[in-house]
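# Coordinate analysis (summary)
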Amino acid sequence: IDAEQRLKDLGVITSQRTTTGWAIGFPNELNPKLLKGMVSLYRPSDKQLDSDLPLILSGSYLLIPDNRLKDGRWDIIITGDYDGQSIKYKESIRY
């Protein structure tokens with residue numbers, strides 16, 4: 001829970017579908033060079049589609065490409081650290 005609160009304390013995180021996938025926006029004040037971690041994609045109805053990818057921001061956004069997500073419900077979990085402090089983000093989406 002501390003890791004989740006730590007990320008919230010850094011600022012507002014946005015999440016939305018785009019034409020190229022699912023975008024998660026991190027606060028502009030966050031320095032992407034200090035952020036390291038993994039993104040886990042869980043498909044509750046089909047575990048064979050579960051996957052992990054590195055947490056790499058483009059500017060202040062993380063884009064999960066369209067080819068990684070089939071239509072339906074997904075759980076997105078981001079774990080890692082920012083400037084030496086652990087962080088965690090969880091969200092359930094419908095793609």
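Residues numbered from 1 in each chain as written. Predicted model: local features only at pLDDT ≥ 70, side-chain atom pairs only at ≥ 80, totals over all residues. Heavy atoms only, no water.

## Describing the overall build of the protein
Helices and strands together make up the secondary structure of the protein, namely one helix and seven strands. Listing the helices and strands of the protein from first to last along the sequence gives α-β-β-β-β-β-β-β. Compactness check: the protein gives a C-alpha radius of gyration of 13 Å against a globular reference of 12 Å for 95 residues, within 12% of the reference. Projecting the C-alpha coordinates of the protein onto the three principal axes gives extents of approximately 35 × 25 × 20 Å. Across the protein, every contact between residues at least 6 apart in sequence was considered, and the portion connecting residues at least 24 apart equals 56%. Just so you have it, the protein exposes about 5,800 Å², and 48% of that area is on carbon and sulfur atoms. Across the protein, the 13 positively charged side chains and the 13 negatively charged ones have centroids separated by 4 Å. (Helix = DSSP H or I, 4+ residues; strand = E, 2+ residues; numbered from the N terminus. Rg over C-alpha atoms; globule rule 2.2 N^0.38 Å. Contact = heavy atoms within 4.5 Å. Areas by Shrake-Rupley, 256 points an atom, 1.4 Å probe, with all protein chains shown as cover. Lys, Arg positive; Asp, Glu negative; His and termini not counted. Charge placed at Lys NZ, Arg CZ, Asp CG, Glu CD.)

## Observations concerning the sheet that holds strand β7 (residues 85-94)
Across the sheet, four strands lie side by side as β4-β3-β6-β7; this open sheet has antiparallel pairing. With one partner strand each, in any of the chains shown, β4 (51-54) and β7 form the two edges of the open sheet. With direction set aside, neighbouring strand axes in the sheet form an average angle of 15°. Sheet topology note: the strand β3 (residues 35-42)/strand β6 (residues 73-82) ladder contains eight bridges and is antiparallel. Bridge assignment links Leu35 to a residue of β6, and that residue is Tyr82. The strands touched by helix α1 (residues 2-10) within the sheet are β6 and β7, with β7 carrying the most contacts at an inclination of about 85°. (Pairing = 2+ DSSP bridges. Axes fitted to C-alpha atoms, helices over the stretch in contact; angles between N-to-C directions.)

## A closer look at the pairing of strand β2 (residues 21-25)
Among the five residues that make up β2, five are buried, leaving the element largely enclosed by the rest of the structure. Where strand β1 (residues 14-18) meets β2, five bridges bridge the pair, whose relative direction is antiparallel. Bridge pairing links Gln16 to Ala23 in β2. The antiparallel pairing of β1 with β2 creates a hairpin that spans two residues between the two strands. (Buried < 20%, exposed > 50% of the residue type's maximum accessible area, 1.4 Å probe, protein only.)

## Regarding the environment of Leu55
Its location among the elements puts Leu55 in the loop between β4 and β5 (61-65). Note: C-alpha distance between Leu55 and Ala23 (32 residues apart in sequence) is 12 Å. Setting aside residues up to four positions removed in sequence, Leu55 forms contacts with Phe26, Leu35, Lys36, Gly37, Met38, Val39, Leu62 and Ile78.

Any link to function would need more than the numbers given here.
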